[in-house]
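Okay, here's what each chain looks like letter by letter:
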Amino acid sequence: MDILDYMVRYGHEQVVYCSDPSCGLRAVIAVHDTTLGPSLGGTRMWPFPSEEAATIDVLRLSRAMTYKAAAAGLHLGGGKAVIMADPAKDKTEALFRSFGRFVDSLDGRYITTEDVGTTVRDMEWISTETEHVVGVPVSQGGSGDPSPATGFGVYQAMRACAQEVFGADSLQGKTVALQGFGKVASYLAGHLREAGASLVACDVSPRAAERAKKEFGARIVSPDEICDVECDIFAPCALGGVLNDSTIPRIKAPITCGGANNQLLEDRHAEALKERGILWAPDYVANAGGLINLSFEPTGYDEDAAHEKVSEIRQTMERIIAIAKAEGITTARAADRLVEQRLAAVRGIRRLAVE
Ligand code: NAD
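Numbers given for residues are sequential positions, taken from 1 along each chain in its written order. Totals for whole chains, interfaces and linings use every residue, but because this is a predicted model, local features are given only for residues with pLDDT of at least 70 and side-chain atom pairs only at 80 or more, for both listing and counting. Think of the side-chain values as coming from all heavy atoms in the structure, minus any hydrogens and water.

**Comments concerning the site of the ligand**
Note the cut-off: Summary of the distance rule: residues count as near a molecule or strand when at least one heavy atom falls within 4 Å of that molecule or strand. N or O atoms closer than or at 3.5 Å make up a polar contact, with two conditions inside protein: a donor-capable atom paired with an acceptor-capable one, and, for residues adjacent in sequence, both atoms drawn from side chains. Each residue is assigned to one class: nonpolar for Ala, Val, Leu, Ile, Met, Phe, Trp, Tyr, Cys and Pro, charged for Asp, Glu, Lys and Arg, and polar for all the others, Gly among them.
Of all residues adjacent to the ligand, which total 21 residues, the nearest are Thr150, Val184, Asp203, Ala238 and Asn261. With respect to the ligand, the backbone of Val184 contributes an N or O atom lying 2.9 Å from an oxygen atom. When grouped by side-chain class, the residues that make up the shell around the ligand number 10 nonpolar, eight polar and three charged.

Take a look at the structure:
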């Protein structure tokens, strides 16, 4: 893989390789784009099979963060980090403190947080070496678990979709099928129940499915059946790649909107959804609530202001639907266009020379 060619093609600014043999640290930090502000994105800890696999992941994920932050109207860019190690056995204070020093060396160009394989405790270790970390515990002035904000944001995106498809933003009497009933889905379910919606849910974990039934009155189906459920909204809240050649023809709902990341198996599946007349809420728009919540930490976390900003996901989704309709393009393309226009506008601002 030619990394510099890849960076040129996809607009990455900087890639930093970090090594500290004293504690076994092997990490890569990617800063994709800081046009709108410092780059923010989680640190993923994973036993990547190769340096190339880790690099591809961090390049891809950092670019996705630029789009997510820009669409959410945040003054942040996209970044990401990967630590090549096994979260089950390689975690030490020294490793995370060492990583924290590398984050600090970027002087705020990259702000880190939790991701797959890292936890709040790891962020505490990192925070002993750098202030450029968010997602620290509430007791330390942090914003805590991002899932409530993510669930609320998905609910706002659903309301925008409902307005378009059903002519009203109320979900009263609508049936929502939730694929996966973990943290995001359960907070989303709370809003849906309050709005008077009926729920159908599935989870590979019987305990999670039981919770959906007991606490939220959901009808439970098997994970194999969830795509076939007669419903008004299909909500992927588990895995990526769930919108593909085999699932799209089975979806009965006119709206697909959920919290899962990377829902489309391939970009062309956005077109397949459009052809079937299904309105899709682009994942990085619908599930940005957690990121929006986190973005309030560096300036002093304010729960009410964060909640207000998360609710703007609804207006963002409305704009995306309007662009898609006006230009006859998919909502996926419309969301990308919204982001690219914002980046181009800010990049183009006149530079003023001063003495
Ligand atoms: P979670 O682990 O709490 O929940 C996921 C649930 O999906 C689990 O209960 C799991 O058992 C279930 N599941 C896994 N495979 C399944 C399958 N094939 N069929 C049905 N159920 C299955 O995770 P979460 O934090 O709720 O995140 C859910 C999704 O949302 C992920 O894709 C995550 O990347 C994305 N996301 C989460 C946040 C957040 O704030 N937590 C923010 C943005 C995006």
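**Some words on the nonpolar core**
Note on soluble globular proteins: their nonpolar side chains tend to be buried together. What counts here: Definition used in this section: a nonpolar core is a set of buried Ala, Val, Leu, Ile, Met, Phe, Trp, Tyr and Cys residues joined via side-chain atoms within 4.5 Å. Partly exposed describes any residue whose relative accessible area lies between the buried limit of under 20% and the exposed limit of over 50%, with all areas from a 1.4 Å probe on protein chains only and scaled to the type maximum. Secondary structure elements are defined from DSSP: runs of H or I of at least 4 residues count as helices, runs of E of at least 2 residues count as strands, and each element is numbered from the N terminus. Annotation comment: domain bounds sourced from an automatic or database domain assignment. The criterion used for residue contact is that any of the two residues' heavy atoms lie within 4.5 Å.
Ranked by size, the top nonpolar core spans 65 residues in total, and within it Met158, Leu171, Val176, Leu178, Leu192, Cys257 and Met317 carry the most contacts. Broken down by element, the residue count for this core peaks at nine residues, all from helix α5 (residues 147–166). For this core, the domains that each give at least three residues are domain 1 (3–65 + 75–138) and domain 2 (147–340). Among all residues touching Leu192, those that are not within four sequence positions of it are Tyr155, Met158, Leu171, Val176, Ala197 and Leu199.

**Looking at the sheet that holds strand β10 (residues 255–256)**
Applicable threshold: When DSSP finds two or more bridges between two strands, those strands count as paired.
Pairing is parallel across the open sheet formed by six strands, whose spatial order is β8-β7-β6-β9-β10-β11. At either margin of the open sheet sits one strand with a lone partner, and together these are β8 (219–220) and β11 (279–280). Inspection of the sheet shows strand β6 (residues 175–179) paired to strand β7 (residues 198–202) by five bridges, in the parallel sense. Within the sheet, the bridge partner assigned to Ala177 lies in β7 and is Val200.

**Considering the packing of helix α1 (residues 3–10) against helix α2 (residues 51–71)**
If you want to describe how two helices pack, look at the angle between their axes and the distance between the axes. Here is the rule: Only the contacting stretch of a helix is used when fitting its axis, a line to C-alpha atoms as for every element, and angles between N-to-C directions run 0 to 180 degrees. In this scheme, roughly parallel covers angles under 35 degrees and roughly antiparallel covers those over 145, while 65 to 115 is roughly perpendicular and the rest are oblique. Take the far helix as your reference; a near helix turned counterclockwise from it by less than a right angle gives a left-handed crossing, and one turned clockwise gives a right-handed crossing.
Where α1 contacts α2, the two axes come as close as 12 Å, and the packing angle between them is 15°. In terms of orientation, α1 lies roughly parallel with respect to α2. Between α1 and α2 lies a crossing whose hand is right-handed. Listed contacts from α2 to Ile3, Tyr6, Met7 and Tyr10 of α1 are Thr55, Leu59, Arg60 and Arg63. Residue classes in the contact of α1 with α2 are distributed as five nonpolar, one polar and two charged.

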